[in-house]
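Descriptive analysis of the structure
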Amino acid sequence: MSVPVGHYQYDRIDRDFLRARIAEFEGQVKRRLDGTLSEDEFKPLRLMNGLYLQLHAYMLRVAIPYGILDSRQLRKLGEIAQRYDRDYGHFTTRQNIQFNWIRLEDTPDILRELAEVDMHAIQTSGNCIRNVTSDEYAGAAADELVDPRVHAEVLRQWSTLHPEFTFLPRKFKIAISGSPNDRVAARFHDIGILARPGEDGAPVFRIFVGGGLGRTPVIGEELFDGVREEHLLATLEAILRVYNAHGRRDNIYKARIKILVQAIGVEAYREAVEAELGQMELDRYRLTPEAVAAIRARFAVPLLEAPDDADAVLTQQRRDDPLFERWVRSNTHVHRDPGHIIATISLKPAGGIPGDATSAQIGRLADLADAYSFGEIRITHLQNVVLGHVRKDRLRDLWLGLSEVGLAEANIGLIGDIVACPGLDYCALANARSIPIAQKLGARFADTALQAEIGALRINISGCINACGHHHAGNIGLLGVDKRGEEFFQLTVGGRAENGAALGTILGAALPEDETVDAIARLVDCYLGLRESGETFLETLTRLGHEPFREAAYEAV
Amino acid sequence: MKRPVRLELGQKLVLTANRLLDGRTVWWREDGTWDLRIGQAVLLDADVAETALSRAVEEAQREGVVGVYDTAVLPVVPPEPVTVREKIRAHGPTVHPEFAVETAQ
Ligand code: HEM
Ligand code: SF4
């Protein structure tokens, strides 16, 4: 078998471990079914294997390390959706996939099938270091300074089954980017890492700590800048140790690292980390250039060859076909190679469920990845899919192929590109349904010409305060609240996750579900009426403040 | 997750849980077994619900369910839960009408 492009090549050690782990879980499932294990005993064990119990069924969350898959793996996910679920999967903001209709009994078999393609569900839940997320354009974007996948893989190996960090006070999320344009929401993670080349060419890292959403949204603060590659693991280890020792375990709502950083201040945290580093055996944690090179060698690099006229062909096709032109404008990004381009495939069809894909679509995506992008696929933290290396002169063929399966929506970064959590249709913790609001908004703004006219505007919806839909980070955020068993939505505006990260602020009282979509439509109309030429929604909001938007949203209420 | 149940006039309680094998939502019948259809649920008054609940919790493993709790319904046919959450559990996700759960008696 040839080495897949894009992700790390596992070996026998990884595979033997996965097999043993599945056998262990199979035994646990058996003991649960025969009553030897109580639900209280079993729950943490199943969660360690990504298995939740939701409203209607078990949900299995499968890890997609730093969001990158090969076509063989994607095809397997489609097969699992078809065979063990109800023919679809849900891609999440943490670059994973969730299956919503899983049977406990089937889980060991599913895990075995996943293991056939080097996939698993380990550390997708529980109070451990979760799947490390990264830039969906990694290794492809023209604006990239350092390919973050190599260090994402270093972190994956370091954090997987790390014995010291299996029972942290709470879950722990790390994101890493190597571009000056933050595409990973670095400052909304427990640890956010931005890599750039240092003076000697080796990467150095800027590290933020204590960011997060949930019931206490916090923007991460810079802990260190210029951490050298050899000290990356020691530094992270020390940050985690301080958290593990001092993070609160008495109150689940105060257990995240952000609360500790807020409580003692980032200076005190830094001192504690430095003190820890001072007594650590640094040599043990040294990340040597050889170790990094060995990991880098297990990523196959795509051979980027394109005909000289690739760019010219694309330019002509864009001129000839306005629909294609619109898609290229919203759904592509500049590649480091002039003959190639990055294509983002929207999983947000107008009126559809954000992030859901049928097994047929998943299978087709795998075929298209084989045909157009070296068999490599990336899942984005905004619930879309990226083909990273498409030859410019073949982009239109890809687009036509996508159109055949309803995946050619031209709305990336626009109002239709809504992020939504599963909400009360599935989630046991929810207050309100997220998906129907997303569907109604998607249908309301279905016209992609209108979306292009409105311009950059991100809507994020969470069904409860846990904020899985990143509502605080949305330019417009919706939070579902429960008022005596009825669904209401609280509106926030002004959030953003990219450079200049900001938390949205509350616009006014929560609205009943059936008034929410109209209120947002009025808010958008208000923006269109007030914007100066070239202004985005956020820019108009910054210039004018909340008041006109508040008035518009609550006008009819 | 157990939410405090406040009964209003005319409301009754039913017991609900998830099936251990596949996680499906189930409702407690008079004979102590569990059914996918809320139409099969026994309607309880607050004064007897507590005893029923402890019995159902005790028998949960044998009956193959997890997470037993009570929830308020309107005593129509089939019973209609009071909260959106329990309505969705009874009828299935609103975003997939094709997965609607059979609720009748
Ligand atoms: C059964 C389904 C789910 C459950 C039970 C669940 C549970 C939670 C909880 C309890 C939190 C709050 C953690 C805290 O503040 O300490 C949280 C946060 C979060 N979840 Fe979920 N979640 C679910 C599904 C999802 C999905 C589908 C996504 C992605 C679309 C997701 C992504 C996130 C993210 C990004 C956060 C906020 C970031 C942060 O941890 O600060 N979750 N989730
Ligand atoms: S935000 Fe709340 S409702 Fe949405 S998935 Fe997370 S826990 Fe569930």
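Calculation rules
Residues numbered from 1 in each chain as written. Chains lettered and ligands numbered in written order. Predicted model: local features only at pLDDT ≥ 70, side-chain atom pairs only at ≥ 80, totals over all residues. Heavy atoms only, no water. Near = heavy atom within 4 Å. Polar contact = N/O pair within 3.5 Å; in protein donor to acceptor, adjacent residues only side chain to side chain. Nonpolar A, V, L, I, M, F, W, Y, C, P; charged D, E, K, R; others polar. Core = buried A, V, L, I, M, F, W, Y, C linked by side-chain atoms within 4.5 Å. Buried < 20%, exposed > 50% of the residue type's maximum accessible area, 1.4 Å probe, protein only. Helix = DSSP H or I, 4+ residues; strand = E, 2+ residues; numbered from the N terminus. Domains from an automatic or database assignment. Contact = heavy atoms within 4.5 Å. Buried area = accessible area lost by both parts, 1.4 Å probe. Donors = N, O, S within 2.8 Å, 3.2 Å for Na, K, Ca; no water.

Focus: the site of ligand 1
Residues and elements named next belong to chain A. Among the 22 residues in the neighbourhood of ligand 1, the closest are listed as T93, L213, R256, C468 and H470. Here an oxygen atom of ligand 1 sits 3.0 Å away from a polar atom, N or O, in the side chain of K173. Residue R256 places a side-chain N or O atom 2.8 Å away from an oxygen atom belonging to ligand 1. Looking at the shell around ligand 1 residue by residue, the classes come out as 7 nonpolar, 9 polar and 6 charged.

Section: the nonpolar core
All names here are of chain A. Counting 59 residues, the largest nonpolar core has L77 and L395 as the members making the most contacts within it. If one sorts the elements of this core by residue count, helix 13 (residues 359–372) sits on top with 6 residues. In this structure, this core is formed jointly by two domains, domain 1 (12–116) and domain 3 (310–404), each of which donates at least three residues. The residues touching L77, leaving out its near neighbours within four places in the chain, are V62, I64, L69, I97, F99, L114 and M119. Membership of the second largest hydrophobic core comes to 48 residues, among which are V146, I176, V209 and F224.

Remarks on the environment of G355(A)
All names here are of chain A. Looking at where G355 falls in the secondary structure, it is placed in the loop between strand 12 (340–345) and strand 13 (356–358). Residues G355 and A443, spaced 88 residues apart in sequence, show a C-alpha to C-alpha distance of 16 Å. Not counting chain neighbours up to four residues away, the residues in contact with G355 comprise G89, H90, F91, L347, K348 and Q383.

Digging into the domain arrangement of chain A
All names here are of chain A. Split into domains, chain A comes out as domain 1 (12–116), domain 2 (133–296), domain 3 (310–404) and domain 4 (419–554). Summed over both partners, the interface of domain 3 with domain 4 comes to about 920 Å²; 62% of that surface belongs to carbon and sulfur atoms. Taken together, the links from domain 3 to domain 4 amount to 3 residue pairs in polar contact (both at pLDDT 80 or more).

Regarding the coordination of the iron atom of ligand 1
A lone protein donor binds the iron atom of ligand 1: C468(A) (SG), at 2.2 Å. Mapped onto the fold, C468(A) is located in the loop between strand 17 (459–462) and strand 18 (476–483).

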